[in-house]
Amino acid sequence: MKKWWVILGSVLVGLICLQLWLLRGTPGEALRTKQLRSDIAYSDVPTLLVPGWGGNGWTYSKLIKYYQKENIAQKTMTIHVTPTGKVKVQGSVANKKNALMK
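Source: prediction; values computed, not measured.

Some remarks on the nonpolar core
Moving on, step 1. Grouped together as the largest cluster of nonpolar side chains are five residues: L49, I64, I72, A73 and L100.
Moving on, step 2. Once you skip the residues sitting within four places of it in the chain, L49 turns out to touch Y60, L63, I64, L100, M101 and K102.

Structure (structure tokens):
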């Protein structure tokens, strides 16, 4: 019986560590203003990325990294909503071109 508790505890610790790793987010990188692309329409209107059912902070990481690498958009704000409805906002979209909010 003790063996099952050890296995269950290990699985729970693993799941908690995985969730914390997924919640770390994607770092934001500012647009390189001297390298703006002529094929992209830069706008002051931000884009809000909302993961669907079962999604998390990792859902859009690859997209955000690609857009920042290609100088298409920049992640400027992260919004966390807890299961109880508490909202925590980090960052700003003020005066930012092609801002991504996640």
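Some remarks on helix α2 (residues 61–69)
Helical geometry: 3.6 residues make up each α-helical turn, so side chains three or four residues apart lie on a common side.
Moving on, step 1. Those residues of α2 lying buried are S61, I64 and Q68. Looking straight down α2, one finds that the buried residues subtend no more than 65° of arc, so they occupy a single side. Exposed side of α2, more than 90 degrees from the buried face: K62 and K69 are the residues found there.
Moving on, step 2. The inward-facing, buried residues of α2 contact β2 (74–81) and β4 (99–101).
Moving on, step 3. Following α2 by one or two positions, N71 has its phi on the positive side, about 60°.

Let's talk about the sheet that holds β4
Moving on, step 1. Strand order in the open sheet made by the four strands is β1-β4-β2-β3, with mixed pairing throughout. With partners counted over all chains shown, the strands left at the sheet margins are β1 (47–48) and β3 (87–91), one partner each.

With respect to the side chain of K75
Moving on, step 1. Along the chain, K75 turns up in strand β2.
Moving on, step 2. It is E29 that comes nearest to the buried, bridge-free K75 among opposite-charge side chains, at 11 Å.
Moving on, step 3. A polar atom in the side chain of K75 sits 3.2 Å from the side chain of T78.
Moving on, step 4. Once residues lying within four places of it in the same chain are set aside, the contact partners of K75 are T26, G28, E29, I64, Q68 and L100.

Cut-offs used in this document
- Residues numbered from 1 in each chain as written.
- Predicted model: local features only at pLDDT ≥ 70, side-chain atom pairs only at ≥ 80, totals over all residues.
- Heavy atoms only, no water.
- Core = buried A, V, L, I, M, F, W, Y, C linked by side-chain atoms within 4.5 Å.
- Buried < 20%, exposed > 50% of the residue type's maximum accessible area, 1.4 Å probe, protein only.
- Contact = heavy atoms within 4.5 Å.
- Helix = DSSP H or I, 4+ residues; strand = E, 2+ residues; numbered from the N terminus.
- Arc of directions from axis to C-beta.
- Pairing = 2+ DSSP bridges.
- Lys, Arg positive; Asp, Glu negative; His and termini not counted.
- Salt bridge = Lys/Arg side-chain N within 4 Å of Asp/Glu carboxyl O.
- Polar contact = N/O pair within 3.5 Å; in protein donor to acceptor, adjacent residues only side chain to side chain.

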